[in-house]
Amino acid sequence: IGDWSGQGNRRIRNPLKKRGFKMSKYKKNYLRHVIIKVDLAGIPSLDKELPKELKEIISKLFPIFEPKAGVFQEFDIATTGVKVTSRIESTDWIFYGVNKEKVLTLSRDKRIADWTSLTVDYLKYDSFEKTYKEFITMVDAVKSTFSISKIQRLGLRYVNNIYLNEKNPLNWNKYINSHLLSGLRFAEDKNLVIRIFHNLEIKYDDINVRFQYGIHN
């Protein structure tokens, strides 16, 4: 699993393209999910209604509309009993692709009152360029609808599923960049390894980038 996230107040851009990284593609796509999430502040409550013009723009790429109402509650559990400390009724505005191969969710952040989250989950991944173009289109639509100039947080997650019928299931050198496998080389007995995760944080001007990667289990 690889997870990229950043914080900053400039327009989202492709950091790989700017720095001259060569984009390569596997003959077989191992990605099970690609999830992009951006947190925005300053959006009026979307608990009851979604602006018509925003809905129309999203529906061009995500035509199936299935909103879902829900309740978020927090409890305080003590020896004297259970007490509800907060209760939020809200609606998750959910849009699907034609074949439900991708899902867009626009929802209120349940923990930070002034934040709204835009999440796109690609269940069938094609390419970075296509994913980036679609996501930027959606973010720009939300920003222009509510006149927002600042993005609070951005996250990008790749979930890989690689099935190996080999004697050594942890020999990933043919599939994963060897620099990302140092944790495996460090362990003397790889049969005892149950999880490996790394956290790399880099600062580009006013943007903080956190790259988390490893083997979940």
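Scroll up a little and you will see the structure.
The text that follows walks through the structure, step by step, so that each part is easy to find. Only a predicted model underlies this, so the values are computations on that prediction, with no experimental measurement involved. (Residues numbered from 1 in each chain as written. Predicted model: local features only at pLDDT ≥ 70, side-chain atom pairs only at ≥ 80, totals over all residues. Heavy atoms only, no water.)

Take the overall build of the protein next. Looking only at helices and strands, the protein has four helices and 10 strands in total. Reading the helices (α) and strands (β) of the protein from amino to carboxyl end gives β-α-β-α-β-β-β-β-β-α-β-α-β-β. Counting over 217 residues, the protein shows a buried share of 37%. Excluding contacts between residues fewer than 6 apart, the proportion of contacts in the protein whose partners are at least 24 apart in sequence is 64%. Counting only carbon and sulfur atoms, one obtains 52% of the accessible surface of the protein, whose full area is about 14,500 Å². (Helix = DSSP H or I, 4+ residues; strand = E, 2+ residues; numbered from the N terminus. Buried < 20%, exposed > 50% of the residue type's maximum accessible area, 1.4 Å probe, protein only. Contact = heavy atoms within 4.5 Å. Areas by Shrake-Rupley, 256 points an atom, 1.4 Å probe, with all protein chains shown as cover.)

Let us now look at the environment of F211. Mapping F211 onto the fold places it in strand 10 (residues 207-215). Spatially, the C-alpha atoms of F211 and L156 are 9.4 Å apart, while their sequence positions differ by 55 residues.

Turning next to a nonpolar patch on the surface. There is a patch of nonpolar side chains on the surface, built from F75, I77, V82 and V84 and spanning about 420 Å² of accessible area. By the element assignment, V82 lies in strand 5 (residues 81-96). (Patch = residues over 30% accessible without salt bridge, like charges linked within 9 Å, V, L, I, M, F, W, Y side chains within 5 Å. Salt bridge = Lys/Arg side-chain N within 4 Å of Asp/Glu carboxyl O.)

So, on to the pattern of salt bridges. The tally for this structure, following the rule as stated, stands at four salt bridges. A salt bridge links K100 to E66; the shortest N-O distance between them is 3.2 Å. On the criterion of sequence distance, the pair formed by K100 in the loop between strand 5 and strand 6 (102-108) and E66 in the loop between strand 3 (64-65) and strand 4 (68-78) is long-range, its members being 34 residues apart. Among the residues examined, K100 registers a relative accessible area of 37% and is labelled partly exposed.

A word on the packing of aromatic side chains. Taken as a whole and judged by the stated rule, the model has five aromatic pairs. Summarising the aromatic geometry, the rings of Y125 and Y158 are spaced 6.0 Å apart at their centres and angled 85 degrees between planes, so their arrangement reads as edge-to-face. Placement of Y125 in the loop between strand 7 (115-122) and helix 3 (128-146) and of Y158 in strand 8 (residues 151-160) is noted, with a sequence separation of 33 residues between them. Accessibility expressed as a relative area gives 23% for Y158, which makes it partly exposed. Their ring planes at 25 degrees and their centres at 4.9 Å tell us that F211 and Y213 sit as a pair that is stacked. Cluster of aromatic residues (ring-pair linked, three or more members): F65, W93 and F95. (Phe/Tyr/Trp six-rings, centres within 6.5 Å; stacked < 30°, edge-to-face > 60°.)

This brings us to the nonpolar core. Within the largest apolar cluster, 30 residues are counted, with the highest numbers of intra-cluster contacts made by V38, L54, L104, L118 and F135. When contributions to this core are tallied by element, the ones reaching two or more residues are strand 2 (31-41), helix 2 (52-61), strand 5, strand 6, strand 7, helix 3 and strand 8. Among the elements that line this core, the one with the most residues is helix 3, at seven residues. Formed by nine residues, the second largest nonpolar core is a distinct cluster that contains L164, Y175, I176 and L181. (Core = buried A, V, L, I, M, F, W, Y, C linked by side-chain atoms within 4.5 Å.)

All we've got here are geometric facts, nothing functional implied.
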